[in-house]
Amino acid sequence: MLKLSLVNQLRSTYKRCLAGQSLQANVADSEYSAQPVYPEIQDPSFKARKQRDAADWHEEIRQVPTVEEKLIKINIPRYYGYKVVDFNDSKIPYNALPLTQHYTRTVLEDLPPLPGSQVVDQGDQPKPSEDASFKTVREDVIEALEFAHDYYKHQEKLPNSAQPSAVEREQILTQIIVEQLNRALLQALSEDHKHLDEVEVDYNPRHEAFWAVGGVDPPKNVINSKKGREWQKDMANESVDRLVQYTGTPYLSLRHRRQLSPWKTTAESENIELSKQIPRFKHDPRTLGYSTKHQHATNVPGYWPKGNEQNFGLLSFQSRAHLQLRPKSYGESDLQEALHSLAIKSSYAWLLAQANYNGFNTYNELTYPMNTQTVITNGREWSFYEYQLNTLLLHGKYQEDNPRVNFCRGTKPLPLYAEISTNGKCVDFNDATLRQLLNFYANVPSIQRSNEEQQPYVASDISAYENPEQRDFIAKTFKYLASNRPRHLELPEVYLWEKLYKIDNNNRAMEAKRRFFTLDVNPWRRTLDQHDKVYVPRAIRGKSRENRYKKTYYP
Amino acid sequence: MQSLTRLMNTTLTLQMPSRMPAAGVALQQLRGKTKVVEKPKPGAGQQFRRIVHFPEEYTVEPLKITHLAGRDPVSGRLVAKGIGGGIKQQYRWVKWLRDGPTEGAQEELVLEVLRDGCRTANVALVAVGDELKYILATENMKAGDILKTSRLIPRIPVRPNEGDAYPLGALPVGTRIHCLEKNPGQMCHLIHAAGTFGTILRKFDDKVVVQLPSKREFAFQRTCMATVGRLSNPDHNKEHVGSAQRMREMGNRPRSGLWKRKEGKHGRKIRRLPPMTTISPPAPPKEEAIKLTLPL
Amino acid sequence: MRLTKTLCAQHIGWHFKKHWLVQGKRVPKETGAVAELLKLGVQVKNPEDLLNGKVERKIVDIVGTRVNTIPEDSSHPDWHSTVCHSYSDNNVLIGGLPQAQVLTNCIEIQTFPKQIEDVIASQQLPNSIDKSIRHAILASHVLDAEQVKLPKVRLPERPAFNLPRSYGISHERVNRLLVNKLLHETEKLAGRSVSIRRKLIDNATFKTSINKDGDLLGFSINAEKVIFANRAIEAVKGKFEGDLPDLYPMKTTISIPKHHIYQTDNFYPLRTDISCSHPHTIFTVFNKNLVKNAHGSGVTTSQLQARTLIKAFVVAAARARQLHGDSVEGALPKPIVVQSVQTDGRTFHFGVLQLNTLDLSANNPSKNYWFHRQNYDLFSECSYEAGRTHLTNYNGDVFRIFNAFYNN
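Residues numbered from 1 in each chain as written. Chains lettered and ligands numbered in written order. Predicted model: local features only at pLDDT ≥ 70, side-chain atom pairs only at ≥ 80, totals over all residues. Heavy atoms only, no water.

The name given to chain C in an unreviewed UniProt entry is Large ribosomal subunit protein mL37, and the organism recorded there is Drosophila rhopaloa. Under the UniProt heading Sequence similarities (unreviewed entry), the note attached to chain C is "Belongs to the mitochondrion-specific ribosomal protein mL37 family." According to its UniProt record, chain C has this under Subcellular location (unreviewed entry): "Mitochondrion". (UniProt positions renumbered as here; feature names shortened; annotations may be inferred.)

Named according to an unreviewed UniProt entry, chain A is 28S ribosomal protein S30, mitochondrial originating from Drosophila rhopaloa. In UniProt, chain A has this text filed under Subcellular location (unreviewed entry): "Mitochondrion".

**Q** Got a minute to help me understand the pairing of strand β5 (residues 131-136) of chain B in this structure?
**A** Residue and element names in this part refer to chain B. Where burial is concerned, most of β5 is hidden: five out of the six residues are buried. Across six bridges, the pairing between strand β4 (residues 123-128) and β5 is antiparallel. Note on β5: the bridge partner recorded for L125 is Y134. Linking β4 to β5, which pair antiparallel, is a turn of two residues; within it G129 sits at a positive phi near 60°. (Buried < 20%, exposed > 50% of the residue type's maximum accessible area, 1.4 Å probe, protein only. Helix = DSSP H or I, 4+ residues; strand = E, 2+ residues; numbered from the N terminus. Pairing = 2+ DSSP bridges.)

**Q** So what exactly am I meant to see when it comes to a nonpolar patch on the surface here?
**A** Where nonpolar side chains cluster on the molecular surface, the patch consists of Y495, W497, L500 and Y501 of chain A and spans about 410 Å² of accessible area. Assignment of secondary structure puts L500 of chain A in helix α17 (residues 496-504). (Patch = residues over 30% accessible without salt bridge, like charges linked within 9 Å, V, L, I, M, F, W, Y side chains within 5 Å. Areas by Shrake-Rupley, 256 points an atom, 1.4 Å probe, with all protein chains shown as cover. Salt bridge = Lys/Arg side-chain N within 4 Å of Asp/Glu carboxyl O.)

**Q** What's the story with the pattern of salt bridges in this structure? I'm lost.
**A** It is possible for side chains bearing opposite charge to pair when their charged atoms get close. Evaluated as defined, the whole model comprises 53 salt bridges over all chains. A salt bridge links R326 of chain A to D334 of chain A; the shortest N-O distance between them is 2.0 Å. What makes D334 of chain A buried here is its relative accessible area of 5%. Put simply, D130 of chain B and K258 of chain C hold a salt bridge, and the shortest N to O gap is 3.5 Å. On the criterion of chain membership, the pair formed by D130 of chain B in the loop between β4 and β5 and K258 of chain C in strand β8 (residues 258-261) is interchain, its members lying in two chains. Taken together, the shared-partner salt bridges connect E200, D202 and R255 of chain A together with K181 of chain C into one network.

**Q** Any chance you could explain the packing of helix α8 (residues 166-189) of chain A against helix α14 (residues 431-442) of chain A here in plain terms?
**A** Geometrically, a packed helix pair is captured by the angle between its two axes and the distance between the axes. All names here are of chain A. The geometry of α8 relative to α14 is characterised by a closest axis approach of 11 Å and an angle of 65° between their N-to-C directions. For α8 against α14, the interelement crossing comes out right-handed. Together, L181, N182, L185, L186 and L189 of α8 and L437, L438 and Y441 of α14 make up the contact between the two elements. Grouping the constituent residues of the contact of α8 with α14 by class yields seven nonpolar, one polar and no charged. (Axes fitted to C-alpha atoms, helices over the stretch in contact; angles between N-to-C directions. Left-handed = near helix turned anticlockwise from the far one by under 90°. Contact = heavy atoms within 4.5 Å. Nonpolar A, V, L, I, M, F, W, Y, C, P; charged D, E, K, R; others polar.)

**Q** Hey, could you run me through unusual backbone geometry in this one?
**A** Put simply, Y248 of chain C and P249 of chain C share a cis peptide bond, and its omega is 5°. Within the secondary structure, P249 of chain C is located in the loop between β7 (215-229) and β8. Even without a glycine there, the phi angle at N547 of chain A is positive, about 50°. With respect to the secondary-structure elements, N547 of chain A resides in the segment after α18 (538-541).

**Q** For this particular structure, what's the right way to read the interface of chain C and chain B?
**A** The extent of an interface is frequently quoted as the accessible surface area lost upon association of the parts. Each side of the interface is counted separately: chain C has 37 residues, and chain B has 43 residues. At the boundary of chain C with chain B, total buried surface from both sides reaches about 3,200 Å², with 69% on carbon and sulfur atoms. Three residues, W20, P249 and H295 of chain C, lead the burial of chain C against chain B; their summed loss comes to 19% of the area buried on that side. At the junction of chain C with chain B, the criterion picks out two salt bridges. (Buried area = accessible area lost by both parts, 1.4 Å probe.)

**Q** Sorry if this is basic, but what is going on with the sheet that holds strand β8 (residues 300-301) of chain A here?
**A** Paired through their backbone hydrogen bonds, the strands of a sheet run either parallel or antiparallel. Residue and element names in this part refer to chain A. Taken together, five strands build an open sheet; the order of strands is β7-β1-β5-β4-β8 and the sheet is mixed. Both edges of this open sheet fall to β7 (292-295) and β8, since each of them pairs with a single strand only. When strand β4 (residues 207-216) meets β8, the two strands line up antiparallel, connected through two bridges. Along β8, the bridge assignment pairs H207 with P301.

**Q** What is the right way to look at the confidence of the model for chain C in this model?
**A** Close inspection of predicted coordinates is inappropriate in any region flagged by low pLDDT. Scored by pLDDT, chain C comes out at a mean of 90, with 100% of its residues at no less than 70. Note on the complex model: pTM 0.89, ipTM 0.89. (pLDDT = per-residue confidence, 0-100.)

**Q** Is there a simple way to think about the interface of chain A and chain C in this case?
**A** Taken together, the 51 residues of chain A in the interface contact 50 residues of chain C. Both sides of the chain A and chain C interface together cover about 4,100 Å² of buried area, and 47% of this is carbon and sulfur. It is F147, R183 and Y203 of chain A in chain A that bury the most area against chain C; as a group they hold 16% of the surface buried on that side. Between chain A and chain C we count six salt bridges in total. A salt bridge links R183 of chain A to E187 of chain C; its shortest N-O distance comes to 2.8 Å. Connecting chain A to chain C are 28 residue pairs in polar contact (both at pLDDT 80 or more). Contributing elements (two or more residues each) for the side of chain A that touches chain C: α7 (128-156), α8, β3 (200-203) and α16 (468-482) of chain A. A total of nine residues in the side of chain A that touches chain C trace back to one element, the largest contributor, which is α7 of chain A. Tallied by class, the residues present in the side of chain A that touches chain C amount to 20 nonpolar, 16 polar and 15 charged. (Polar contact = N/O pair within 3.5 Å; in protein donor to acceptor, adjacent residues only side chain to side chain.)

**Q** Is there a simple way to explain helix α10 (residues 397-407) of chain C in this structure?
**A** Every α-helical turn comprises 3.6 residues, leaving residues that sit three or four positions apart pointing alike. Of all eleven residues that make up α10 of chain C, eight are buried, and the element is covered over most of its length. Buried within α10 of chain C are the following residues: V398, F399, I401, F402, N403, A404, F405 and Y406 of chain C.

**Q** Can you walk me through the layout of surface pockets in this structure?
**A** Gaps between atoms show up when a probe of the same size as a water molecule is rolled over them. Residue and element names in this part refer to chain A. In this structure, the second largest pocket occupies an estimated 2,500 Å³ of space. Around the second largest pocket, the lining comprises 49 residues; the ones closest to its centre are K50, R78, K226, V240 and D241. Contributing elements (two or more residues each) for the lining of the second largest pocket: α3 (46-63), β1 (82-88), β4, α9 (220-227) and β5 (240-248). Among the elements that make up the lining of the second largest pocket, the one with the highest residue count is α3 (twelve residues). Of the residues that constitute the lining of the second largest pocket, the class distribution is 17 nonpolar, 15 polar and 17 charged. (1 Å grid on protein atoms, 1.4 Å probe; cavity = no way out; pocket = protein on both sides within 12 Å on 5 of 7 lines; lining within 4 Å. Points joined across faces, edges and corners; volume = space filled by probe spheres on them.)

**Q** Can you help me understand the side chain of R373 of chain C in this one?
**A** All names here are of chain C. Mapped onto the elements, R373 comes out in the loop between β12 (368-372) and β13 (376-377). A polar atom in the side chain of R373 sits 2.7 Å from the side chain of Y376. Beyond its immediate chain neighbours, meaning those up to four positions away, R373 contacts Q110, T111, F112, E117, I120, Q305, H349, F350 and I401.

**Q** What's the story with the packing of α3 of chain A against helix α4 (residues 67-75) of chain A in this structure? I'm lost.
**A** Residues and elements named next belong to chain A. Across the interface, α3 lies against α4 with an axial gap of 9 Å and an inter-helix angle of 155°. Between α3 and α4, the angle is such that the two are roughly antiparallel. The handedness of the crossing between α3 and α4 comes out as right-handed. Every residue of α4 that contacts α3 at W57, E60, I61 and R62 is listed here: K70, K73 and I74. For the contact of α3 with α4, the residue count by class is three nonpolar, no polar and four charged. (Parallel < 35°, antiparallel > 145°, perpendicular 65-115°, else oblique.)

Below is the structure:
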């Protein structure tokens, strides 16, 4: 082919010469310019090539038109799913805060006290109308609290019911309290705060998020593997990316179609000095007690993409029931840190999942900040947090280079009441806590962006695709990935005896080579699209031998 | 009596050296010795197709079954060939006892006619009092029918409706019947298959002669209960299996393909039917044999 | 060629063994020895009992082992000699609505009470409400992100097929979300003035037991959502006449399972001295995979309606017992009205029960009232196919009735 084209070129040149044209002029027109334009000089080193490949892949993800396809695209490299650190809302090990801050690039601050409460402290009378409305809300809330407790206590008297564990008991009671309180507050406030009419309430929604974190020491197997090759020995201890998958179910979450306004300006958010000060936890997360598992990357903020107008989180109520399982010997301050860490990771994950539905992901940076509010409660103790998501780039070199940071500010756990007396009355109701909660409800989401601004990387929607087969394929594949169902094939495994007698020592040379490691197949290299295509029965496709298999539409 | 003989027997074994510890233990299996396994012969009313896990009390809940694939459930050995696999059906426990008052009649309401995967005829869910039960459905039975059951034998035969249960003596000659009691106490022993029926031919003394689906005539006692009508699903014998796979779904394995000339299986000489037979009362139960345990 | 002579000997021991297999089984003849011995006063025992007598095993209490399950026989602490017909959530009355009517002594009136009918006819709903309800339906049926293993699906015409196991939103969650979202919309319309007088709870248990014509009936039900009000619903004005249906030859208790182990206590999920403790409306979920006839058939429309009635009745009866003491019999001082809604996420059945009397005997002249209409379908199909949501034949009447029930 190449040779033939050369011959053709020669022949055309020859013809032109025969025609008496000048060789020089013609060539100059087409191939040469006055100023030489050279291609960019690229670093040919291994590391640079790897980085370029990664950047290309991230660019490809950015170019993918729809949200669903973006998620499929991220999942394509691994058929059996990624090996992820299992971040969830039910397990917070000792000393979890530095790791959480590192993994979410979050600066933790204290929530400034409410202006209203300061006024009360100084003894000034707040506005009478405000006071009256607050009083009604207060009454409603106390009534809801007492009702919830009464109902729960009465329910416990029921004979023959299996005794739930302490964690389950707290979850049941808190679920009742949170639902009652939410209903009372929505009812009481919706007259003054019209935005609450448009709120969508999620009950025990499914919040999941996937992201990559850089700057973590490589695990032992990676070090060993690299040390085994001469040319990689120097890079053996270089940090690697860890993938994180968050899974959580809050008691309740509220969503709205507008965004909350950010409380940190862009200038404040972009501070390379501040980003350097965020604690780093370089050890393997398994050293703290986090476990790993294989699963597909999923980003779910509680609903499916494009289903809703209410795309932005307003408030979520997280559970702290599992903190009961932590030993008392961890101490008070660690419990406080655990609450901070729970707030940070749940808020970050929920915002990331929302951002994902707007076309951003851990490899494609946010173009505008996103905010949410989080409440961690067990019914009595309430901790309030606000979170501002500025950046999603945490992987690879961005761990060092990225000037942006995320912010979280929160309070200590505040008691809403001291106790519920035996006759069902609420004792020592804490107005300050209620005011804080009211403040969260009253926080008006005001930012509305144009579609292009809100979703700069989303070009289309799968429901807009013409081809029904393609729509069906994308929808099914997306649901399959996001359903966390086990893969049809089991994860490949090397048994210990095989490691000893077949891999480390070749003691069974005469054995038939059937297992993947004897066939030189790396099953972990298998990509999502490497599978047998679906056969179309003749009854459907007709007599033709064409289209015997269904087409796939992987992005 | 036998217990005494047993006593003799066991005392004998007791005197033997302690190599043989207790009586009644199955044959000790010794190395190199042929293991003797008793297995039943095919036929004799046992199908070796499934066992049904009956609960202690009667229930209308569909019951779980275990497929036997032609094996004897005791020894586990293959008894019947050509059985195996098939769709797991649920068994509906038919209450065979149709017991009515000796005076007047008990009325029962048909609630639903259902398909039972373990038998060819349909079954009907019947309600009486606060009890639910299944009976075999007749050809034209439908939900809402009222069935009568009585043990009264009037002087003039009754005019029965389909699904009613009466003693043979109470039914007029020519009636089609099914679920026939062979001897008093053996309820609904005969005529269960889809679309079959027996016909009352004549009466003599205290016997009633019935022609069974095999066309043979038998004389039954007049107090034997029978249900009136032809059994449901009459087209069952005209239905084609359709495909080999359907045969597998029904739990039958491929046939051996061997043609047997001498068994007469594939065509038999047509002979005259044997003459009418009087049903004899059921044989007394066989006395249990004692197994002597001398380890020869 | 064989040079030696063939020795035609056989191993005689083998033949003995084969022979013994047959002859080793003997049916002993009756000799009359037992009768003689008994006559002489000698006790005759079966050798089996002597030699292989039962050895009583000693039960050792080991600390830390799991708790022994209490055997379900007469040694059970809750065992009674009288049988109880225990109705629970998953039971179905095989006789359908007529049986439920006889069981609860209710006459059927095929409209709603006048005040509800008036509200349904006259209420003014904003135009945007249909859009919100459509969204609520989609959000609970299709757009929620829960993915759990759904029950197995079998094709009756292809019983050998094993279909791929589908994942999706569980039936319980669909209904929880749908009812919650519909209530949310209703409360938004009603405003604080009404909703402050209502309280909602999930999964409330109600228990009661009643004697009817000598049969003990035990009820233990669960209502997935209950609205309590601070004031009881007013009794329906007017007197209604009607006859109870005839169930002959069935008894009223047919298909209610009979148990010897039961408790007869009364349970109502709230205390009486709470402000919002009057039962207002109960929402129950019908899951066809759990609720089945005893013989395995699906539930008919009449049986489904019977379930709505029974649930309302149990709530009203439990409330009556709580208010007037466990010994209350006969006519109640003030009738108790309970609204009952049953749904499977698509079909809705609305009914109103007025409990006038707790005396359920067949010859009681005063009757309870059961107002209901036929079932309504909220939509005919709601699905997510090929990347697009589908909601066909949405029926706006359902929400109008729902709203009227809430505001009653």
